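Below, each chain spelled out in residue letters.
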Amino acid sequence: RPCGRPPPGPAAGSAPGPARPGTKRLPRAIVVGVKKGGTRAVLEFIRVHPEVRALGTEPHFFDRNYHRGLEWYRSLMPRTLDSQITVEKTPSYFVTKEAPRRIFNMSRDTKLIVVVRNPVTRAISDYTQTLSKKPDIPTFEGLTFRNRSLGLVDTSWNAIRIGMYAVHLESWLQYFPLSQIHFVSGEKLITDPAGEMGKVQDFLGIKRVITDKHFYFNKTKGFPCLKKSESSGLPRCLGKSKGRTHVQIDPEVIEQLRDFYRPYNIKFYETVGQDFRWE
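Note that this is a predicted model, so its numbers are computed, not measured. (Residues numbered from 1 in each chain as written. Predicted model: local features only at pLDDT ≥ 70, side-chain atom pairs only at ≥ 80, totals over all residues. Heavy atoms only, no water.)

## What to know about the packing of helix α7 (residues 165-173) against helix α10 (residues 251-272)
Here is the rule we go by: All axes here are fitted lines through C-alpha atoms, helices being fitted over the stretch that makes contact, and every angle between N-to-C directions spans 0 to 180 degrees. To qualify as a helix, a DSSP run of H or I must reach at least 4 residues; to qualify as a strand, a run of E must reach at least 2; elements of each kind are numbered from the N terminus. Contact between two residues is taken to exist if any of their heavy atoms lie within 4.5 Å; hydrogens are not considered. In this count, Pro and Cys sit with the nonpolar residues alongside Ala, Val, Leu, Ile, Met, Phe, Trp and Tyr, while Asp, Glu, Lys and Arg are called charged and the others, Gly among them, polar.
Closest axis-to-axis distance for the α7/α10 pair is 8 Å, and the angle between their directions is 35 degrees. Contacts between α7 and α10 involve Y165, A166, V167, L169, E170 and L173 from the first element and Y264, K267, F268, T271 and V272 from the second. For the contact of α7 with α10, the class distribution of residues is eight nonpolar, one polar and two charged.

Here it is as structure tokens:
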């Protein structure tokens with residue numbers, strides 16, 4: 001080549017190689033909560049569906065990154081065809097005061113999925129996860145109570161506060177009707193994954209493609225795994241951090257927490273018209 005010039009590249013503005021089909025779109029459905037409820041399982045299970053494309057990481061747009069703007073948010077999304085639904089999940093949205101209004105301002109038609117689980121079990125799971133990262137934190141009992149002998153629970157501790165589902169739901173119902181919010185039982189997701197995912201598919205308005213044949217029960221982990229994942233024909237289980245053995249908690253502490261959560265649970269059941277049988 002004369003003068004050692006580099007070979008001619010593509011014309012300005014043209015994309016190298018074949019363009020990938022589809023368009024990056026804002027999500028039509030968001031898994032908004034709750035942490036340690038089973039949100040990762042719901043995301044991994046639903047993305048097996050050919051009509052669903054899901055963002056694998058949590059973008060935290062409506063809580064931490066809102067200042068970056070909707071175009072930044074859109075740029076993170078996977079490409080979809082007209083027939084496909086874009087889904088993302090960030091479980092902290094459910095307990096973020098500003099999230100309902102911000103999502104409503106993006107699209108009042110957004111479908112919301114909330115994966116809930118017995119709040120006592122959820123709190124212990126949350127604590128177990130934190131303990132694995134910070135071994136020197138105080139005991140579960142120490143963090144749970146402001147005064148244990150009086151049974152005063154510390155509702156400022158996030159692990160406790162997240163499980164007060166009825167309180168957080170009020171913020172969402174100011175912007176979205178119940179018909180646009182679907183509640184997944186974290187317990188049934190383990191015992192009957194196909195049944196729970198069937199309801200999720202109905203809610204999203206897509207055909208029931210994900211059925212019993214997609215799951216097998218992993219005895220070691222204690223929850224269902226996919227026989228085939230989206231990207232390969234190999235079985236797919238959730239990561240090592242899922243199915244972690246919980247810290248042993250004094251049964252009396254568990255009983256006190258059950259008493260604390262009972263009125264919140266009852267109000268939650270009444271509001272959503274669904275009994276999750278956490279008692």
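## Comments concerning the UniProt feature "binding site: 3'-phosphoadenylyl sulfate" (unreviewed entry) in the protein chain
Heads up, the condition is: UniProt positions are given in the numbering used here, feature names are shortened, and annotations may be inferred rather than shown by experiment. Working definition: with a 1.4 Å probe on protein chains only, accessible area under 20% of the residue-type maximum means buried, over 50% means exposed, and in between means partly exposed.
The sites that UniProt annotates as "binding site: 3'-phosphoadenylyl sulfate" (unreviewed entry) are K36, G37, G38, T39, R40, R117, S125, K242, G243, R244, T245 and H246. Here T39 falls in the buried class, since its relative accessible area comes to 5%. Look past the residues within four positions of T39 in its chain and what remains in contact with it is V31, G33, V34, K89, P91 and V115. Here R40 is to be found in helix α1 (residues 39-46).

## A short note on the side chain of N218
Position of N218 relative to the elements: it lies in strand β10 (residues 215-218). The contacts of N218, once residues within four sequence positions are left out, are F223, C225 and C237.

## With respect to the pairing of strand β11 (residues 223-226)
How we decide: Only strands joined by at least two bridges in the DSSP assignment are considered to pair.
In this sheet, β11 lies alongside β10 in antiparallel orientation, the contact comprising four bridges. Bridge pairing in β11 links F215 to L226. Hairpin remark: β10 followed by β11, antiparallel, with four residues in the connecting loop; positive phi at G222, about 85 degrees.

## Details of the pattern of salt bridges
For clarity, the cut-off: The salt bridge definition used is simple: a Lys or Arg side-chain nitrogen within 4 Å of an Asp or Glu carboxyl oxygen.
Applying the stated criterion to the full structure yields 15 salt bridges. With a shortest N-O distance of 3.0 Å, R40 and E44 are connected by a salt bridge. Separated by four residues within a single helix, R40 and E44 lie in helix α1, roughly one turn from each other. Exposure class is identical for R40 and E44. Each is buried.

## Considerations on the sheet that holds strand β5 (residues 85-89)
Taken together, five strands build an open sheet; the order of strands is β3-β5-β2-β6-β9 and the sheet is parallel. The sheet terminates laterally at β3 (52-54) and β9 (181-185), the two strands that pair on one side only. Along the sheet, successive strands turn relative to each other by an average axial angle of 25 degrees, direction set aside. Pairing analysis gives four bridges linking strand β2 (residues 29-33) to strand β6 (residues 111-116), with the strands arranged parallel. From the neighbouring strand, A29 faces β6, where its bridge partner is K111. Packed onto the sheet, α7 meets β2, β6 and β9 and runs at close to 160 degrees relative to β9.

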